[in-house]
Amino acid sequence: MKRTLLSFLSFLFPPSLREEKAKNIVLSSLPRNTKQIETPKDSFALLNYRSKEVREVVWLIKYRGDEKAAKEAGVLLAEVLAEEIAEKQQYHSFLNPLVIPVPLSHARLRSRGFNQSARIAKAFAKELELPYSPSVLEKTKNTKSQTELSHKERRENVKGVFSVSRPEHLKGRDIILIDDVITTGSTMEEARTVLLERGADRVWCVALAH
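Since the structure is predicted, the reported quantities are computational estimates derived from the model, not experimental observations.

K.L.:
What should I look at first to understand the overall build of the protein chain in this one?
P.N.:
Scanning the protein chain from N- to C-terminus turns up eight helices and six strands. Put simply, the protein chain runs from its N terminus to its C terminus through helices and strands in the order α-α-β-α-α-β-α-α-β-α-β-β-α-β. A compact globule built from 210 residues would reach a C-alpha radius of gyration of about 17 Å, and the protein chain, at 17 Å, matches this within 12%. Restricting the contact set of the protein chain to residue pairs at least 6 apart, pairs at least 24 apart contribute 77%. Carbon and sulfur atoms make up 51% of the accessible area of the protein chain, which amounts to about 11900 Å² in all. Considering the protein chain, the positive charge centre built from 35 side chains and the negative charge centre built from 27 side chains are found 5 Å apart.

Here it is, written out as structure tokens:
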């Protein structure tokens, strides 16, 4: 039923040329991020957001809701980080990490219809057979878009917007926190701080691009 509806909608609203081009981009061939991420601490981003093709893939996932591209992004992240996670486990950390996406506010989720970071995180967790929880961390306030804000304004914009619904799921756990893009790092840093304050042992911030 869902597939039939999607086919019908695709017939009524065929993809734009931009969307078609973005769908043909091979994620694994895109330029990798080599820039040091200062904020948040303990973070990793796979792709270089200054690349036009990377920005197009993020646009496809975030604003066109392309589930296939989001899944491919999660799987690629998992493949790249599998060895690093194994190395961490040799030192008795991240033995059974909980994968959590950076959440959207309820209002933004209703408006957009999906959380692109949750789609990436779910595919990441499934590929590595790790526990996944999309509801432990919540965004309780709807904020302005970060796009046009300065670094200082971004920090103020996200202050106090996250809460933990089930802190007992965090106590003593290592967390892999996943988002689509790290820009200034304000959102991830605020989320990371809240998770640590509510009982998480360590938080590793992971994004598709920076």
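Once you've had a look at it, read on.
K.L.:
What exactly am I supposed to notice about the sheet that holds strand E5 (residues 174-181) here?
P.N.:
By way of backbone hydrogen bonds, the strands of a sheet pair with one another, either parallel or antiparallel. On the basis of which strands lie adjacent, the open sheet formed by four strands has the order E1-E6-E5-E2 and parallel pairing. Strands with a single pairing partner mark the edges of an open sheet, and in this sheet they are strand E1 (43-47) and strand E2 (98-101). Looking at each pair of strands side by side, their axes are set apart by 25 degrees on average, direction ignored. Bridge analysis of E1 against strand E6 (residues 202-209) gives four bridges, and the strand direction is parallel. Within E6, the residue paired with Leu47 across the bridge is Ala209. Taken strand by strand, helix H3 (residues 52-63) contacts E1, E5 and E6, and its axis lies near 105 degrees from that of E6. Packing of helix H4 (residues 67-90) onto the sheet brings it into contact with E1, E5 and E6, and relative to E6 it is tilted by some 145 degrees.

K.L.:
Please clarify how the pattern of salt bridges should be interpreted in this entry.
P.N.:
Opposite charge on two side chains permits them to pair, given that their charged atoms come into close proximity. Within the structure shown, the criterion is met by eleven salt bridges. Note that Asp174 and Arg202 form a salt bridge whose closest N and O atoms lie 3.1 Å from each other. Of this pair, Asp174 sits in strand E5 while Arg202 is found in strand E6, placing the two residues 28 residues apart along the sequence. Judged by its relative accessible area of 34%, Arg202 falls in the partly exposed class. Linked through salt bridges whose partners overlap, the residues forming this network are Asp42, Glu189 and Arg192.

K.L.:
So what exactly am I meant to see when it comes to unusual backbone geometry here?
P.N.:
Trans peptide bonds make up most of the peptide bonds, and negative phi angles are found at most residues other than glycine. Residues Thr39 and Pro40 are joined by a peptide bond in cis, for which omega reads 0 degrees. Its place among the elements puts Pro40 in the loop between helix H2 (17-23) and E1. In the Ramachandran plot, His92 falls in the positive-phi region, its phi being about 60 degrees despite a non-glycine side chain. Secondary-structure assignment places His92 in the loop between H4 and E2.

K.L.:
I tried to follow the packing of aromatic side chains on my own but got confused; where do I start?
P.N.:
The geometry of two aromatic rings is summed up by the distance between their centres and the angle between their planes. All chains considered together, the criterion is met by one aromatic pair. Plain terms: the ring middles of Phe94 and Trp204 are 6.0 Å apart, the flat faces sit at 70 degrees to each other, and that makes the pair edge-to-face. Here Phe94 is found in the loop between H4 and E2, whereas its partner Trp204 is found in strand E6, with 110 residues between them in sequence. The burial state of Phe94 is the same as that of Trp204; both residues are buried.

K.L.:
Teacher, can you tell me more about H3 here?
P.N.:
In an α-helix, one full turn covers 3.6 residues, which means residues spaced three or four apart are oriented alike. In this model, H3 (twelve residues) spans 16 Å end to end at C-alpha, consistent with the 16 Å of a helix rising 1.5 Å per residue. Taken residue by residue, H3 has Val54, Glu56, Val57, Val58, Trp59, Leu60 and Ile61 as its buried positions. Where H3 is buried, its residues meet H2, E1, H4, helix H6 (116-128), E5 and E6. Immediately downstream of H3, the backbone of Gly65 shows phi near 65 degrees, a positive value.

Cut-off values and rules
- Residues numbered from 1 in each chain as written.
- Predicted model: local features only at pLDDT ≥ 70, side-chain atom pairs only at ≥ 80, totals over all residues.
- Heavy atoms only, no water.
- Helix = DSSP H or I, 4+ residues; strand = E, 2+ residues; numbered from the N terminus.
- Rg over C-alpha atoms; globule rule 2.2 N^0.38 Å.
- Contact = heavy atoms within 4.5 Å.
- Areas by Shrake-Rupley, 256 points an atom, 1.4 Å probe, with all protein chains shown as cover.
- Lys, Arg positive; Asp, Glu negative; His and termini not counted.
- Charge placed at Lys NZ, Arg CZ, Asp CG, Glu CD.
- Pairing = 2+ DSSP bridges.
- Axes fitted to C-alpha atoms, helices over the stretch in contact; angles between N-to-C directions.
- Salt bridge = Lys/Arg side-chain N within 4 Å of Asp/Glu carboxyl O.
- Buried < 20%, exposed > 50% of the residue type's maximum accessible area, 1.4 Å probe, protein only.
- Phe/Tyr/Trp six-rings, centres within 6.5 Å; stacked < 30°, edge-to-face > 60°.
- Expected span 1.5 Å × (residues − 1).

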